[in-house]
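Below, each chain spelled out in residue letters.
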Amino acid sequence: MSKIKIIQFHNYAAFYSSTTVPNVYIIQVDGQNLLLYGENGSGKSSVYKGVKDFFAAAANPQLPFNKNIRSVDNDGFIEITMGGNTKLKFAEDGTKPTDTWVKNTAKMQSFITYRELFQLLHNHKPNSTINLFGFLVDTLLSEYKIAIDDSTSETIKNLWTQLQTNADVVKK
């Protein structure tokens, strides 16, 4: 699988551009891990949400573009350049990434916030084990669909809920 090389933001969330200051905010990732840190209000959450929205837009055609509130232009976009220089775009004009692997990535829900990690690591009883299975089923893979047969699929979270319900019935 190809890795992300460049992420570009233009008039998305905290990333503002105008005719007098025509900025495209560029993050060079070069296929490496990305650690964001900075002052409050510097755009860390906008980067996170932008990349998450980029992938979610492929799986959800109704997902709106989160335009910067000060922008009067209809030219906002998030563009991701992959290895091999393939460019994919999620834009205010309705352009969305359509590649199958982008849609599948969106279904994996592979985006975790620090709050979710904190909850996983610190909201368990002392001397107990961390419930990684629950985290995977309820958070990380909750919307990933598994084929039941040729025409039916179900999310991991719904399958787990059904299994628990059936197990409770059997116990009684």
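Here we summarise the structure given alongside this text. Bear in mind the structure is a predicted one, so any value in this text is a computation, not a measurement.

With that settled, consider the environment of Ala-106. Its place among the elements puts Ala-106 in helix 2 (residues 100–108). For Ala-106, a relative accessible area of 10% corresponds to the buried category. Aside from chain neighbours lying at most four places away, what touches Ala-106 is Phe-55, Ala-56 and Ala-59.

Soluble globular proteins tend to pack their nonpolar side chains together in the buried interior. Judged by nonpolar contacts, the single largest core of 22 residues is most densely connected at Ile-7, Phe-9, Phe-54, Phe-55, Ile-78, Ile-80 and Phe-90. Of all the elements in the fold, those that place two or more residues in this core are strand 1 (4–10), helix 1 (44–59), strand 3 (77–82), strand 4 (87–91) and helix 2. The leading source of residues in this core is helix 1, at 6 residues. Those residues within four positions of Ile-7 in sequence are excluded, and the remaining contacts are Tyr-25, Ile-26, Ile-27, Val-29, Val-51, Glu-79 and Ile-80.

Here the focus is unusual backbone geometry. Located in the positive-phi region is Ala-13, a residue other than glycine, with phi close to 45°. With respect to the helices and strands, Ala-13 occurs in the loop between strand 1 and strand 2 (25–28). A residue is classified by how much of its surface remains accessible, and Ala-13, at 18% relative accessible area, is buried. Positive phi outside glycine occurs at Asn-85, with the angle close to 65°.

Bringing the packing of aromatic side chains into the picture now. The geometry of an aromatic ring pair is captured by the separation of the ring centres together with the interplanar angle, meaning the angle of the planes. For the structure on display, the rule yields 8 aromatic pairs. Centroid distance Phe-9 to Tyr-12: 6.1 Å. Interplanar angle 35°. Geometry classified as tilted. Grouping residues by exposure puts Phe-9 and Tyr-12 together as buried. Where Tyr-12 meets Phe-65, the ring centres are 5.4 Å apart and the plane angle is 75°; that geometry is what we call edge-to-face. Linking Tyr-12 in the loop between strand 1 and strand 2 with Phe-65 in the loop between helix 1 and strand 3, this pair joins segments that are 53 residues apart in sequence. Here Tyr-12 and Phe-65 have matching classes, each one buried. A connected cluster of aromatic rings, assembled from ring pairs, spans Phe-9, Tyr-12, Phe-15, Tyr-25, Phe-65 and Phe-90. Positioned over the ring face of Tyr-16 is Arg-70, at 4.3 Å from the centre of the ring. In this structure, Lys-89 is placed above the aromatic ring of Phe-77, and the distance from its NZ or CZ to the ring centre is 4.5 Å.

Cut-offs and rules
Residues numbered from 1 in each chain as written. Predicted model: local features only at pLDDT ≥ 70, side-chain atom pairs only at ≥ 80, totals over all residues. Heavy atoms only, no water. Helix = DSSP H or I, 4+ residues; strand = E, 2+ residues; numbered from the N terminus. Buried < 20%, exposed > 50% of the residue type's maximum accessible area, 1.4 Å probe, protein only. Contact = heavy atoms within 4.5 Å. Core = buried A, V, L, I, M, F, W, Y, C linked by side-chain atoms within 4.5 Å. Phe/Tyr/Trp six-rings, centres within 6.5 Å; stacked < 30°, edge-to-face > 60°. Lys NZ or Arg CZ within 6 Å of the ring centre and 35° of its normal.

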